[in-house]
Each structure stands twice: as C-alpha cells, then as structure tokens.
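# Report on the structure
Each chain, letter by letter, is given below.
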Amino acid sequence: MPQQKLIQLLASAKELHASDIHLSPQRDNYHCYFRLNGDFCLMEAYSLTEAQKLITYLKFQASMDIGEKRRPQTGQYEILLDHQKISLRLSTLLDKSGLESLVIRLFSEGDILPFYKSTPFLHHCLQMFQNTEKNSGLLLFSGKTGSGKSSSMYGLAELLYQTHTRKVITIENPVEHYHQAFLQIEINEKAGLTYQEILREVLRHDPDIIIIGEIRDNETAQMAIRAALTGHLVLSTVHAGSLKGILNRLTELGLSKSDLAESLIGISHQRIFSLYCPLCAGKCQPYCTHLKEKRTVLYEYLEHDAIWKQQTCALSIARQFRKGVCYGYFKTQSLERR
Ligand SMILES: [Zn+2]
C-alpha cells in the first residue's frame, strides 16, 4: 500500500531530521536516499513497481498530472504525522531510461531552532537581539545556500515575538518554516503575486515585523527600505559571500548609501559547520543520537555605526572557529571545507 509506505518513509525521515527524500531510479530498482545534515545517505531499495506506485500516489495527492511523465513537474501537499503538520514539496524529472526520479523536500511545523541555540558563541546573537528589540529598520542576513540564513531569521523573529508579542508577517517563496502565530504569505509570480506587490499590501496590514524571504531585485529592495523607514522591523536575506559583499550587493540592487545609512540596523554573515562527535569520531553516522544538533552556525555581524566606520567584524568566523576547535566543537580541518 503506497499510503502506508509513505507514512513509514516520512516517520523515518522525521526521526532522522532529513531535509529531503530522493527516489532515484537505478537499472532495475529504485534507491531511496535521505539528505541528512547536508549529506546524501542511501537508506533502502524499492522494487520498480513499489517505487512507481509510491510516486504515482504522491503525484496524485499533490494534484500533479499522473499521466504526464516527460515534462518535469512540481507540486506540494500537506500531511499530518503524529499531530504535526508536514508540508511536502515534490519535484519530478524523467531519467533517460524512462523512469521518473522524485525528490521530496520536507518542511515541518515547529522546527524553528531557538536563536540562541543556533551558535555556540552568543556575542553576535545578543547584539542582533539588542539592536532589533526596540528599533525599526532593516537587518540583513547573508551566507551561502544552505547556511541556515532563513532559520536564523526565523529564530530571531521568534525570540522577538516571545519577548514582546509582535505582529509578524512573512513573505516568502516558498514558506520554509511554519509558525502558528505568524501570518505567512507565499509569493506566486505566475498569479502576479510578486514580492513588491505583496509587500505593498502587507504594509497596510499593520505589521511590527516583516520577514522578506530574499531581496533580489531593485523594487523589493526599495520596498524593504520604505517599510524599514516607516517604523517596521524588516528582516531579510541577500545573496552575498561576505559581510562586505552585502553592501556591494545592495549597491548593485540600486540602493543609495543614504538610504542604507538611514535604514540599516545591522548586517550579518554566517557559515554552517558540522559539530565534532566524539562517539562517531568525527562526522555523525545517520543513527547517532549523541548530538541533538549536528551542525552549528557561526556569525559575523556589524551594527549600524560599525558598518560605515571599519567594515570588518572584530570577532570573525575564523576566530570563533579557532576557539571552537579548542573547545572540541570542531575538527581542525573543517574550516576550509565548507
Ligand atoms: Zn555521532
């Protein structure tokens, strides 16, 4: 039964905190892989019939066209597992052998990591919290894809919400974390619901905190600045490889130095690192339960005044990393690897 198979699969993915499930066609069967802490792990093999039934069942549930295999498709649907809502995003591609490959990305409710638990060194988190606690303006997160920017942004918003009860509205494409108390809006560019379109409406909805998934064009950047200058706290991410890169990126997006000087509260850059597990003597095996979190973030942060004065962070990621090595959190060689 594909439904039971799916429930088993999701329960096991949830237990291991997998972010994605892959059903990949092989020559005469399917391999099921989990993405665990960024690693690609083979979990089990399915027969062709078993996997195809499961794929058809999932496509049907996600209102995808089950008769169409040639064209890549995407779909989504939600399922309750142990009273917890899990949202599945599906993507299919046809392999040259004529078999479909399926990837399921999992998003679950209540998976927001508390901001102060995101890193072993709290200095920058405290600064960010203090800077945003009573202020309006724009705070930007940057880092590579998969560095946990969006988790950090949610973590901070959650902390601010818990301390002061604020109205939080998120605008994203797609929503990556679910929060019961946040009003979460999804971009749908095909339907004309772009970032700037939604942001305009959101401003009329009396928010205190606005989370914008990503600033990637001039219009969104301008709207974010406008929101920040009209008494809102705006949290967002930009694609940049370093703290300095954030300012370059913002200038590239057409923002003037005076706009930025007026609205920026702070800029943060982050990298994610695997924590050293002494029991597994290095990186954790999929079933290791020794470490609750297998990875951690290190931040670099500059607050308003520092942005314009020196443009380097005194407590750099490299410095925190070296400290982490002394404390036994990291293995020496892993700084260069990620
Ligand atoms: Zn371990």
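Just so it is clear, the structure is predicted and the values come from calculations on it, not from any experiment. (Residues numbered from 1 in each chain as written. Predicted model: local features only at pLDDT ≥ 70, side-chain atom pairs only at ≥ 80, totals over all residues.)

This part is about the sheet that holds strand β3 (residues 39-47). Read across the sheet, six strands follow the order β3-β2-β1-β6-β5-β4 without closing on themselves; strand pairing throughout is antiparallel. Looking at which strands have only one partner, the edges of the open sheet turn out to be β3 and β4 (73-81). For this sheet, the mean inter-axis angle between neighbouring strands, taken without regard to orientation, is 20°. Sheet analysis places strand β1 (residues 18-25) next to strand β6 (residues 100-108), joined by four bridges and oriented antiparallel. Paired with H22 across the two strands is V103, which belongs to β6. In the packing of helix α1 (residues 2-15) onto the sheet, the strands contacted are β1, β2 (29-36), β4, β5 (84-94) and β6, and the crossing angle to β4 comes to about 80°. (Pairing = 2+ DSSP bridges. Helix = DSSP H or I, 4+ residues; strand = E, 2+ residues; numbered from the N terminus. Axes fitted to C-alpha atoms, helices over the stretch in contact; angles between N-to-C directions. Contact = placed C-beta atoms within 7 Å.)

Our next topic: the packing of helix α3 (residues 123-133) against helix α4 (residues 149-164). The interhelical angle for the contact between α3 and α4, taken along N-to-C directions, is 55°, at an axis separation of 11 Å. Relative to α4, α3 is oriented oblique. Note that α3 runs across α4; the crossing there is right-handed. Taken together, the residues of α4 that come into contact with α3 (itself represented by M128, F129, T132 and E133) are L156, L159 and L160. (Parallel < 35°, antiparallel > 145°, perpendicular 65-115°, else oblique. Left-handed = near helix turned anticlockwise from the far one by under 90°.)

The next thing to look at is unusual backbone geometry. The backbone of H17 shows a phi angle near 60°, a positive value even though the residue is not glycine. Looking at the secondary structure, you find H17 in the loop between α1 and β1. With a phi angle near 65°, H83 is a residue other than glycine that sits in the positive phi range. One can find H83 in the loop between β4 and β5.

A few words now on the domain arrangement of the protein. Domain annotation of the protein identifies domain 1 (2-108) and domain 2 (115-337). A straight line from the C-alpha centre of domain 1 to that of domain 2 covers 30 Å. Contact with domain 1, which involves eight residues of that partner, is made by nine residues of domain 2. When the residues that make up the side of domain 1 that touches domain 2 are grouped by side-chain class, the tally is four nonpolar, two polar and two charged. (Domains from an automatic or database assignment. Nonpolar A, V, L, I, M, F, W, Y, C, P; charged D, E, K, R; others polar.)

Each regular strand carries side chains that alternate between the two faces of the sheet. Burial along β2 is one-sided: the residues Y30, C32, F34 and L36 are buried and none of N29, H31, Y33 and R35 is. As defined by bridge partners, β1 adjoins β2 across seven bridges and the pair is classed as antiparallel. Of the residues in β2, the one forming a bridge with I21 is F34. In sequence, β1 turns back onto β2 through a hairpin of three residues. As defined by bridge partners, β2 adjoins β3 across eight bridges and the pair is classed as antiparallel. The residue bridging F34 from the neighbouring strand is C41, located in β3. Taking the residues that link successive antiparallel strands as the turn, the β2-β3 hairpin has two residues, and the phi of N37 there is positive, at about 50°. (Buried ≥ 20, exposed ≤ 12 C-beta atoms within 10 Å, placed from the backbone.)

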